[in-house]
Amino acid sequence: MTATAPTHSLSDLLKLIDKVFGSDKVMKDWGREMIPEYYAQSGPAYEKMHSAQGCMHSALNADGTFSFDGYLVQPRAVVAETVAVKGKRVLELGCGKGFNSLFCAQNLKEVQFTGTDLLQDHVNRASGFAKTAERTNVTYEQASYEPLPDRFRDFDVAFGFETLCYAKDTDLVAASIAAALRPGGRFVMYDMHAYGSADDLPPDLARATRLYEVSVAVTRGFIQAGQWEASLRKAGLVVDPVEDLTAQLQPGLYRQVEMSYRTLSDWKKRLAIKAMPPLLTRNAIAALVGPAICRLGRESNDGILAYQKITASKPA
Ligand SMILES: C[S@@+](CC[C@H](N)C(=O)[O-])C[C@H]1O[C@@H](n2cnc3c(N)ncnc32)[C@H](O)[C@@H]1O
């Protein structure tokens, strides 16, 4: 599906959001810890709307056309890193329902993958997917990366996709990632980062950015661009040049705007939404404002959020 630019102005989108959800009501959750609650309510929607295979990250479609293949860009990078270092043990942080580790395990059958997540429910779901796929070289266990427990050591590769945005103390997390890697090991992360504060943006863009953050449970705001690199260096890792992949989000973002706009503009569907879990339905807010708040490379109205790939090595 080729992506066409959304036709609605940001101001119209914010009006629709206010009408359906009450923007002030949504913003009351700013600063509140809500990860377990958010995923408990949003889980079914992710599988229905995003990916039945349990993938919970963004598609990267470099050719301007949305396709499922876009979800495989990130795990393919891990496969390539693992092959490059002749890795035998790979650790995933914030694995969600295990999509990435399972994909990698299917592609590298001689490598052992360990997926970890804060939520036992995600670990159970991931284990179920792996069992169905009859893969024995991937296991999942409950563990927070904040910090990673000492039992995680000597991994050839560690990675995390769209999970480290929830980290409260990047120095602490980076130190525990460095400790989990063997000398010569590699670290890979993909995530959204902010260039500056949303509070300094024009009012509509500032509002849209904050609403987006709350809707995806990043309730302290996205981590500043550059902060992870600084923390990883402090932890003794050598950081590669960072890649900005924001433009590749565009097909997925445009597609979501149209789907959400149609749903929220239909009064019957709006009534149905009222009966659904609130944190699930709020994902529509993120879908609506996504293109406006990301640095998609347009000339004006560009937001402060950029989707980056960060890689680093532990010196041998
Ligand atoms: C957007 S999902 C991404 C899941 C997976 N990485 C993927 O690409 O499909 C973010 C995940 O991070 C997990 N998470 C949040 N905070 C965490 C923490 N402190 N430690 C481990 N996992 C965490 C959540 O439970 C959720 O599964």
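Look a little higher up for the structure.
Residues numbered from 1 in each chain as written. Predicted model: local features only at pLDDT ≥ 70, side-chain atom pairs only at ≥ 80, totals over all residues.

Digging into the site of the ligand
Taken together, 22 residues lie near the ligand, and Met56, His57, Gly94, Gly96 and Thr163 sit nearest. Looking at the shell around the ligand, the elements that each hand over two or more residues are α3 (35–50) and α5 (99–107). Residues of the shell around the ligand, tallied by class, amount to 12 nonpolar, seven polar and three charged. (Near = placed C-beta within 6 Å. Helix = DSSP H or I, 4+ residues; strand = E, 2+ residues; numbered from the N terminus. Nonpolar A, V, L, I, M, F, W, Y, C, P; charged D, E, K, R; others polar.)

With respect to the nonpolar core
Counting 94 residues, the largest nonpolar core has Ala158, Ile177, Phe187, Ala208 and Val289 as the members making the most contacts within it. Per-element tally for this core: the top contributor is helix α13 (residues 283–293), with eight residues. Filtering out sequence-adjacent residues up to four positions away, Ala158 remains in contact with Leu91, Leu93, Ile177, Ala180, Leu181 and Phe187. (Core = buried A, V, L, I, M, F, W, Y, C linked by C-beta atoms within 7 Å. Buried ≥ 20, exposed ≤ 12 C-beta atoms within 10 Å, placed from the backbone. Contact = placed C-beta atoms within 7 Å.)

Some words on the pairing of strand β8 (residues 305–313)
Relative to β8, strand β5 (residues 181–194) is paired through nine bridges, and the arrangement is antiparallel. Bridge pairing in β8 places Arg186 opposite Ser313. Pairing between strand β6 (residues 238–239) and β8: two bridges, direction antiparallel. Following the sheet pairing, Val239 is matched in β8 by Ala312. Summarising the sheet, strand β7 (residues 243–244) and β8 pair through two bridges and their orientation is antiparallel. Residue pairing for β8: Glu243 is matched across the bridge by Lys309. (Pairing = 2+ DSSP bridges.)

Some remarks on the pairing of strand β2 (residues 112–117)
Two strands pair when backbone bridges link them, and strand β1 (residues 89–93) and β2 are joined in this way by four bridges, in the parallel orientation. The residue bridging Glu92 from the neighbouring strand is Gly115, located in β2. Following the backbone out of β1, through α5 and into the adjacent parallel β2, one traces a crossover that is right-handed. In terms of handedness, the path from β2 via helix α6 (residues 120–132) over to strand β3 (residues 138–142) forms a crossover that is right-handed. (Right-handed = clockwise from strand over helix to strand, strands pointing away.)

Describing unusual backbone geometry
Residue Glu146 is joined to Pro147 through a cis peptide bond whose omega torsion reads -5°. Structurally, Pro147 can be placed in the loop between β3 and β4 (155–161). Of note, Lys86 is a non-glycine position whose phi angle comes to about 50°, a positive value. With respect to the helices and strands, the residue Lys86 is situated in the loop between α4 (73–84) and β1. In this structure Lys86 comes out as exposed when scored by C-beta crowding, with 9 C-beta atoms within 10 Å. The residue Glu134 is not glycine, and still its phi comes out positive at about 55°. For Glu134, the location among the structural elements is in the loop between α6 and β3. By the C-beta count within 10 Å, which is 7 here, Glu134 ends up exposed.

Section: the packing of α4 against α5
Two numbers describe how α4 lies on α5: the axes approach to 9 Å, and their chain directions differ by 45°. By the angle between their axes, α4 is oblique relative to α5. The two elements α4 and α5 cross, and the hand of that crossing is right-handed. Here Gln74, Pro75, Val78 and Val79 of α4 lie close against α5, whose contacting residues are Asn100, Phe103, Cys104 and Asn107. When its residues are assigned to classes, the contact of α4 with α5 shows five nonpolar, three polar and no charged. (Axes fitted to C-alpha atoms, helices over the stretch in contact; angles between N-to-C directions. Parallel < 35°, antiparallel > 145°, perpendicular 65-115°, else oblique. Left-handed = near helix turned anticlockwise from the far one by under 90°.)

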